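The chain contents come next:
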Amino acid sequence: MKGHVKSIQWGKGIVKTIETYTILDSTNEFAKHFIKSGGASGTVIWALRQTAGRGRLGRRWDSDPSSLTFSLVWQCPDKSIPQNLTLAIGLGIVQSLEVCVPEIKVKWPNDLWIAGKKLGGILGESMHAAGRLWIILGIGLNVNSSPGAEQEQRISLREVTGCLWPRLAILDLALLGLERGFELARSGQELASLFRHYGNFLDRPIQIYQGGQVYRAIARDVLPDGRLVIEDARGRRALLPEEISVRF
Ligand code: BTN
């Protein structure tokens, strides 16, 4: 279920090459086979059409031929995954896409939102191959689609701006955002101030889903390691993205 179209030399930082395929089930799944078969770090797997996309927490990710669906494979030089990576990547992408849509926001930890609806999401996964830790960052963006009401409320760039966007131009911006996100994750220092600017729920009441329980709290901050600081009757505490899911 593939069909390699072409390779594009993109950059010399983290992201190096784009490999384009006509149709893939899931770029994240394909990326895992790519890594196992000796594929290089810094490769972006871009599917012009993705048929069985996966989202966070075991959900589906639906897309159509006008969506952008790609995954970056990266060999992590450290022994563990930087906890703040997906938040930092989300903030990097928001910063680079705001030239097209100034209204874009990050919903912690890694959703891209506009006006309370979902524009895109990031699925970070990891695996070991040849004794090394690899990270797969899968990104889905609604570019020219009219997603309508599905399981989650979605919105596309076209719906917000009224323009049709070339997917390659949006991919290029998103990859610049990825590069920026890797820089942000390295120091972690700017995360809190950027999240104050680009995040959409600090100092607002939120619902927290944690281990089968649901409770209300106020989101107060994010820490350089990417944890969300919340406050409720039990006091303040910092929670990891994999521990909770958050709704308004
Ligand atoms: C989420 O918000 O739940 C994350 C969605 C991530 C979807 C992208 S599309 C490209 C890549 N391949 C997948 O199967 N999933 C990610």
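Thresholds, definitions, all that
- Residues numbered from 1 in each chain as written.
- Predicted model: local features only at pLDDT ≥ 70, side-chain atom pairs only at ≥ 80, totals over all residues.
- Heavy atoms only, no water.
- Phe/Tyr/Trp six-rings, centres within 6.5 Å; stacked < 30°, edge-to-face > 60°.
- Helix = DSSP H or I, 4+ residues; strand = E, 2+ residues; numbered from the N terminus.
- Buried < 20%, exposed > 50% of the residue type's maximum accessible area, 1.4 Å probe, protein only.
- 1 Å grid on protein atoms, 1.4 Å probe; cavity = no way out; pocket = protein on both sides within 12 Å on 5 of 7 lines; lining within 4 Å.
- Points joined across faces, edges and corners; volume = space filled by probe spheres on them.
- Near = heavy atom within 4 Å.
- Polar contact = N/O pair within 3.5 Å; in protein donor to acceptor, adjacent residues only side chain to side chain.
- Areas by Shrake-Rupley, 256 points an atom, 1.4 Å probe, with all protein chains shown as cover.
- Nonpolar A, V, L, I, M, F, W, Y, C, P; charged D, E, K, R; others polar.
- Domains from an automatic or database assignment.
- Contact = heavy atoms within 4.5 Å.
- Buried area = accessible area lost by both parts, 1.4 Å probe.
- Salt bridge = Lys/Arg side-chain N within 4 Å of Asp/Glu carboxyl O.
- Core = buried A, V, L, I, M, F, W, Y, C linked by side-chain atoms within 4.5 Å.

Some remarks on the packing of aromatic side chains
Then, in step 1: By the definition in use, this model includes three aromatic pairs.
Then, in step 2: Taking 5.7 Å as the distance between ring centres and 70 degrees as the angle between the ring planes, the aromatic pair formed by Trp 113 and Phe 248 counts as edge-to-face. Here the residue Trp 113 occupies a position in strand β8 (residues 111-114), and Phe 248 occupies one in the segment after β15 (245-247), the gap between them amounting to 135 residues.
Then, in step 3: Residue Trp 113 is classed as buried on the basis of its relative accessible area of 14%.

Structural notes on the layout of surface pockets
Then, in step 1: Estimated volume of the second largest pocket: approximately 420 Å³.
Then, in step 2: In terms of lining residues, the second largest pocket is bounded by 19 residues, among which Thr 86, Gly 124, Glu 125, Pro 241 and Glu 242 are the most central.
Then, in step 3: Of all the secondary structure elements, the ones that give two or more residues to the lining of the second largest pocket are α2 (85-97), β9 (117-129) and β10 (132-141).
Then, in step 4: The greatest single-element share of the lining of the second largest pocket, amounting to five residues, is contributed by β9.

Details of the site of the ligand
Then, in step 1: As a structural note, the neighbourhood of the ligand is formed by 20 residues, with Ser 26, Thr 27, Arg 54, Arg 56 and Lys 118 the closest of them.
Then, in step 2: At 2.7 Å, a side-chain N or O of Ser 26 approaches an oxygen atom of the ligand.
Then, in step 3: The contact in question runs from an oxygen atom of the ligand to an N or O atom on the side chain of Lys 118, over 2.6 Å.
Then, in step 4: Within the complex, the protein chains bury 99% of what would otherwise be the 420 Å² of accessible surface of the ligand.
Then, in step 5: At the level of secondary structure, the elements contributing two or more residues to the shell around the ligand comprise α1 (27-36), β4 (53-54), β6 (68-75), β9 and β10.
Then, in step 6: For the shell around the ligand, the element with the most residues is β9, which contributes four residues.
Then, in step 7: Looking at side-chain class alone, the shell around the ligand contains five nonpolar, eleven polar and four charged residues.

Digging into the domain arrangement of the protein
Then, in step 1: Taken domain by domain, the protein consists of domain 1 (2-197) and domain 2 (202-247).
Then, in step 2: Between the C-alpha centres of domain 1 and domain 2 the distance comes to 24 Å.
Then, in step 3: Contact with domain 1, which involves 14 residues of that partner, is made by 18 residues of domain 2.
Then, in step 4: Carbon and sulfur atoms make up 59% of the surface buried where domain 1 meets domain 2, a total of about 1300 Å² over both sides.
Then, in step 5: Summed over the three residues of domain 1 that lose the most area to domain 2, namely Gln 83, Trp 108 and Arg 196, the buried surface amounts to 48% of that side.
Then, in step 6: Counting every contact that joins domain 1 to domain 2 gives one salt bridge.
Then, in step 7: Between Arg 196 and Asp 203 there is a salt bridge, with its nearest N and O atoms 3.6 Å apart.
Then, in step 8: For the pair domain 1 and domain 2, the number of links is five residue pairs in polar contact (both at pLDDT 80 or more).
Then, in step 9: Sort the elements by how many residues they give to the side of domain 1 that touches domain 2 and helix α5 (residues 191-198) lands first, with four residues.
Then, in step 10: For the side of domain 1 that touches domain 2, the residue count by class is seven nonpolar, three polar and four charged.

Let's talk about the nonpolar core
Then, in step 1: Counting residues in each nonpolar core, the largest one holds 61 residues, and the members touching the most others are Phe 70 and Leu 228.
Then, in step 2: If you look at the next biggest cluster of nonpolar residues, it comprises 13 residues, including Ile 35, Met 127, Trp 134 and Ile 136.

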